[in-house]
Amino acid sequence: MSGGTDVEAENEAACAAVDSLELIGSQWRLIVLYALQDGEKRFNELKRATGANARTLSRVLDDLGEAGLVSRRVEEDAPVATYYALTKKGGALCPVFDEIEAWADEWH
(Lines give C-alpha, C1' and ligand atoms only; values in the text may rest on other atoms or scores of the structure.)
Protein backbone atom coordinates (compact mmCIF):
# COMPACT_ATOMS: atom_id res chain seq x y z
CA MET A 1 0.00 0.00 0.00
CA SER A 2 1.45 3.37 -1.00
CA GLY A 3 -0.23 5.20 1.92
CA GLY A 4 2.31 3.71 4.32
CA THR A 5 5.11 5.70 2.73
CA ASP A 6 3.26 8.98 3.29
CA VAL A 7 2.68 8.10 6.93
CA GLU A 8 6.34 7.17 7.35
CA ALA A 9 7.42 10.47 5.78
CA GLU A 10 5.06 12.39 8.08
CA ASN A 11 6.39 10.50 11.10
CA GLU A 12 9.99 11.27 10.08
CA ALA A 13 9.13 14.96 9.72
CA ALA A 14 7.40 14.93 13.11
CA CYS A 15 10.40 13.18 14.66
CA ALA A 16 12.74 15.85 13.26
CA ALA A 17 10.54 18.57 14.76
CA VAL A 18 10.37 16.80 18.12
CA ASP A 19 14.15 16.24 18.12
CA SER A 20 14.71 19.93 17.35
CA LEU A 21 12.38 21.05 20.12
CA GLU A 22 14.15 18.75 22.58
CA LEU A 23 17.46 20.36 21.56
CA ILE A 24 16.32 23.95 22.14
CA GLY A 25 13.06 23.54 24.02
CA SER A 26 13.98 23.77 27.66
CA GLN A 27 13.01 27.02 29.33
CA TRP A 28 16.58 28.08 30.04
CA ARG A 29 17.93 27.14 26.62
CA LEU A 30 15.29 29.25 24.92
CA ILE A 31 15.91 32.19 27.23
CA VAL A 32 19.68 32.06 26.64
CA LEU A 33 19.30 31.70 22.86
CA TYR A 34 16.86 34.60 22.85
CA ALA A 35 19.23 36.76 24.93
CA LEU A 36 22.09 36.13 22.51
CA GLN A 37 20.12 37.34 19.47
CA ASP A 38 21.45 40.87 19.98
CA GLY A 39 25.07 39.75 19.86
CA GLU A 40 27.91 38.45 21.95
CA LYS A 41 27.58 38.70 25.73
CA ARG A 42 29.79 38.00 28.71
CA PHE A 43 28.74 35.38 31.25
CA ASN A 44 27.59 37.94 33.83
CA GLU A 45 25.66 39.90 31.19
CA LEU A 46 23.83 36.70 30.29
CA LYS A 47 23.23 35.97 33.94
CA ARG A 48 21.58 39.36 34.40
CA ALA A 49 19.67 39.17 31.11
CA THR A 50 18.25 35.71 31.81
CA GLY A 51 17.85 35.68 35.58
CA ALA A 52 19.50 32.25 35.69
CA ASN A 53 21.80 31.33 38.53
CA ALA A 54 25.45 30.69 37.67
CA ARG A 55 25.21 26.90 37.87
CA THR A 56 22.14 26.71 35.62
CA LEU A 57 23.56 29.18 33.12
CA SER A 58 26.88 27.34 32.96
CA ARG A 59 25.13 24.01 32.33
CA VAL A 60 22.86 25.51 29.66
CA LEU A 61 25.77 27.20 27.88
CA ASP A 62 27.68 23.91 27.88
CA ASP A 63 24.64 22.10 26.43
CA LEU A 64 24.13 24.76 23.76
CA GLY A 65 27.83 24.68 22.93
CA GLU A 66 27.78 20.90 22.52
CA ALA A 67 24.75 21.26 20.26
CA GLY A 68 26.67 23.73 18.09
CA LEU A 69 24.27 26.60 18.80
CA VAL A 70 26.54 28.80 20.93
CA SER A 71 30.24 29.57 20.68
CA ARG A 72 32.57 30.50 23.52
CA ARG A 73 35.46 32.94 23.28
CA VAL A 74 37.95 33.65 26.08
CA GLU A 75 40.04 36.81 26.31
CA GLU A 76 43.10 36.11 28.41
CA ASP A 77 43.82 39.76 29.26
CA ALA A 78 43.44 40.68 32.92
CA PRO A 79 40.70 40.26 33.94
CA VAL A 80 39.95 37.11 31.97
CA ALA A 81 36.63 37.44 30.17
CA THR A 82 34.48 34.76 28.57
CA TYR A 83 32.11 35.73 25.77
CA TYR A 84 29.24 33.74 24.30
CA ALA A 85 27.58 34.21 20.92
CA LEU A 86 25.23 32.39 18.60
CA THR A 87 26.91 30.26 15.97
CA LYS A 88 25.63 30.30 12.41
CA LYS A 89 23.42 27.35 13.39
CA GLY A 90 22.14 29.19 16.46
CA GLY A 91 21.62 32.41 14.53
CA ALA A 92 19.41 30.54 12.10
CA LEU A 93 16.87 30.36 14.96
CA CYS A 94 16.39 34.16 15.04
CA PRO A 95 13.65 34.13 12.35
CA VAL A 96 11.93 31.36 14.34
CA PHE A 97 11.91 33.59 17.43
CA ASP A 98 10.50 36.43 15.30
CA GLU A 99 7.67 34.17 14.10
CA ILE A 100 6.91 32.98 17.64
CA GLU A 101 6.79 36.61 18.83
CA ALA A 102 4.42 37.52 15.99
CA TRP A 103 2.22 34.56 16.87
CA ALA A 104 2.23 35.51 20.57
CA ASP A 105 1.37 39.13 19.74
CA GLU A 106 -1.62 37.97 17.73
CA TRP A 107 -2.91 35.22 20.00
CA HIS A 108 -1.98 36.21 23.56
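All chains use their own residue numbering, which begins from 1 and follows the written sequence. In keeping with the model being predicted, local features are shown solely for residues with a pLDDT of at least 70 and side-chain atom pairs are shown and tallied solely at 80 or more, while totals for entire chains, interfaces and linings include all residues. Processing note: side-chain calculations cover all non-hydrogen atoms of the structure and skip hydrogens and water entirely.

**Student:** Whenever I open this one, the sheet that holds strand 1 (residues 41–42) confuses me. Can you help?
**Tutor:** Think of a sheet as strands paired side by side through backbone hydrogen bonds, with each pair either parallel or antiparallel. Being paired, for any two strands, means DSSP has found at least two bridges between them. Secondary structure elements are defined from DSSP: runs of H or I of at least 4 residues count as helices, runs of E of at least 2 residues count as strands, and each element is numbered from the N terminus. If you trace the three strands from one edge of the open sheet to the other, you get 1-3-2, paired in antiparallel fashion. Looking at the sheet topology across the chains shown, the edges are occupied by strand 1 and strand 2 (70–75).

**Student:** What exactly am I supposed to notice about the pattern of salt bridges here?
**Tutor:** When charged atoms on two side chains of opposite charge get close, those side chains can pair. Just to be clear on terms, a salt bridge is a Lys or Arg side-chain nitrogen sitting within 4 Å of an Asp or Glu carboxyl oxygen. Applying the stated criterion across every chain yields a total of three salt bridges. For aspartate 63, the salt bridge goes to arginine 29, with nearest N and O atoms at 3.1 Å. Of this pair, aspartate 63 sits in helix 4 (residues 54–66) while arginine 29 sits in helix 2 (residues 27–35), placing them 34 residues apart in sequence. A simple rule labels every residue: compare its accessible area, found with a 1.4 Å probe on the protein chains alone, to the largest value its type can have, and call it buried under 20%, exposed over 50%, or partly exposed in between. On the basis of relative accessible area, aspartate 63 is assigned to the partly exposed category, the value being 23%. Exposure remark for arginine 29: the relative accessible area of 18% places this residue in the buried category.

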